[in-house]
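What the coordinates show
These are the residues of each chain, in order.
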Amino acid sequence: MKLIDRYMSAVSFYLPARRRDEITRELRANILDKLENLAEQRGWAVTEQDVSAVLKELGHPQQIANSFLPAQQLVTAELFPFYRQVLGYGVIFVFVLESIRFGVVFLNSGHLAIAALLSGLVVKALLMFALVTGVFYVLSNPPGGDPLFKPYQHWIPEQLPPVIHNWQRIGTGEQAIEFSSNLFLFLLLHYPLFMPDEVMASLTIGFAASSKPWIPWLAAVVGFSLLFNMWNLRFSFWTRSKLTVSAVLNLVVAILLLCMSRLSAIIAESGVITDGRIVSIDLANKVITAGLFGVGLWLLFQCGRDLYRIWQLSRAF
Amino acid sequence: MEKLRQELRRGILVLAVLGSLRQSHYGYSLRKQLQDAGVDIDEGTLYPLVRRLADQGLLISEWRQSEGRERRYYRLSEEGSLLLASLSGEWQQLNSCVGAILGVGRETN
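Residues numbered from 1 in each chain as written. Chains lettered and ligands numbered in written order. Predicted model: local features only at pLDDT ≥ 70, side-chain atom pairs only at ≥ 80, totals over all residues. Heavy atoms only, no water.

**Re the overall build of chain A**
Secondary structure summary: chain A contains 12 helices and two strands in total. Ordering the α and β elements of chain A from the N terminus gives α-α-α-α-α-α-α-α-α-β-α-α-β-α. The globule rule puts the C-alpha radius of gyration for 317 residues at 20 Å, and the 32 Å found for chain A is more than 25% above it. A principal-axis box enclosing the C-alpha atoms of chain A has dimensions of 100 × 60 × 35 Å. Across chain A, contacts joining residues at least 24 apart in sequence account for 75% of those joining residues at least 6 apart. Placing the 25 positive and 22 negative side-chain charges of chain A at their respective mean positions leaves the two points 7 Å apart. (Helix = DSSP H or I, 4+ residues; strand = E, 2+ residues; numbered from the N terminus. Rg over C-alpha atoms; globule rule 2.2 N^0.38 Å. Contact = heavy atoms within 4.5 Å. Lys, Arg positive; Asp, Glu negative; His and termini not counted. Charge placed at Lys NZ, Arg CZ, Asp CG, Glu CD.)

Listed below in structure tokens is the structure:
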């Protein structure tokens, strides 16, 4: 088999069947013209080395075949910013989904399945990435060539957020963490409402008597925080009014958590016989109260930061 | 730097190819004509470009037998001629504007 035939065979492999003959026929004619011209210039017939050099100069068969086909991109440059934004929201969704699963496992077994949480996050994030990328591939290479979706066609300058400082924009990661942690807490605090009776009866741990009076207050504030998170998802920037709400929420939750961290016990065994997975309720309570104290201090800091930012925005107007 | 150079050349090459195909050419003869005119373009870029222009209806092609071999000849279609006239006007205007800008820059230096 001649070198040129091998090259044509390789090029045709990378071409769609309906265009294979037409393109390779023309490409072969062009290569033969070049070889003929080369032979004329030299005054003798070309060798296999000459053919090899000409083919090498032309390019790899896959590259050449691809250059004859319409350009295809996984995601077009025009759609890429929107693609990145959708991936960000996908991360929030995965966080929320895994937080719910983690919460349900914890309540059912008293077991903090951290490894399962991490592996679940990775697997679901990869799945979400593949799914979103697949959808954007179709949008980037629409059948017939006409765009199926133009995300930036309808916008109104008046609707742009009144943002002066970069920190006013609320990042997707920040939203994901806040929303999923609030949802997790919300589910944890309301588990008697949605758990079936048989599951409730088999729970190995529950809230201690000393912490129960605090739960409705905490549940109410966390519920309000969730609504606030949804508002932030819709309008992802800080304003003075939103910062005021955030400061109040942070302060209230901080006070509640700091008070609860002073309690002797947050959780207690429910009396159900276990297989010994709960190592020590005392140790768990120490970890939880230390955690509540740490989060309480962090929320106090956030409250202070919100107040400082309100002051910054007041100066700007 | 190379990427910027390629971007600058990309649009101009279309104009040069359309301009050359006012007369019939097959792939290799078109490349020779462009080369002789000082427009160097490698075959891996030229042949797919010609096919794309033909697919868009800007060129008419036909297979002919010459010197014992078959060759695909291309020439401008009616639509291609109209586009060439429009692009030529655009090119002349851009060329004079950019030329003036570059000239001013050279004078101030």
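**Structural notes on the sheet that holds strand β2 (residues 59-66) of chain B**
All names here are of chain B. Reading across from one edge, β1-β3-β2 is the order of the three strands in this open sheet, with antiparallel pairing throughout. Both outer strands of the open sheet, β1 (25-26) and β2, are each paired with one neighbouring strand and no more. Judged from the eight bridges that link them, β2 and strand β3 (residues 69-76) form a sheet pairing that is antiparallel. Looking across to β3, one finds that Q65 is bridged to E70. (Pairing = 2+ DSSP bridges.)

**Some words on the packing of aromatic side chains**
Residue and element names in this part refer to chain A. Evaluated as defined, the whole model comprises 10 aromatic pairs over all chains. Plain terms: the ring middles of F13 and Y14 are 5.1 Å apart, the flat faces sit at 80° to each other, and that makes the pair edge-to-face. On the accessibility criterion, Y14 (33% relative accessible area) is partly exposed. Look at Y83 and F136: their rings are 5.2 Å apart centre to centre, the planes differ by 65°, and that puts the pair in the edge-to-face class. Taken together, the positions of Y83 in helix α5 (residues 80-109) and F136 in helix α6 (residues 114-140) put the pair 53 residues apart, joining distant regions of the chain. For the pair shown, Y83 and F136 are each scored as buried. (Phe/Tyr/Trp six-rings, centres within 6.5 Å; stacked < 30°, edge-to-face > 60°. Buried < 20%, exposed > 50% of the residue type's maximum accessible area, 1.4 Å probe, protein only.)

**What to know about the side chain of N30 of chain A**
Relative to the assigned elements, N30 of chain A resides in helix α2 (residues 17-42). The residues touching N30 of chain A, leaving out its near neighbours within four places in the chain, are G27, Y28 and Y47 of chain B.

**Considerations on the environment of Y7 of chain A**
Residue and element names in this part refer to chain A. Among the structural elements, Y7 can be located in helix α1 (residues 3-13). The class for Y7 is buried, based on a relative accessible area of 7%. For the pair formed by Y7 and S261, sequence separation is 254 residues and the distance between their alpha carbons is 75 Å. What Y7 contacts, discounting residues up to four positions off in sequence, is L27, I31, L55, L58, G59, H60, P61 and I64. Within the structure, the side chain of Y7 is placed 2.6 Å from the backbone oxygen of G59, a separation counted as a polar contact. (Polar contact = N/O pair within 3.5 Å; in protein donor to acceptor, adjacent residues only side chain to side chain.)

No statement about biological role is implied by the geometric values presented.
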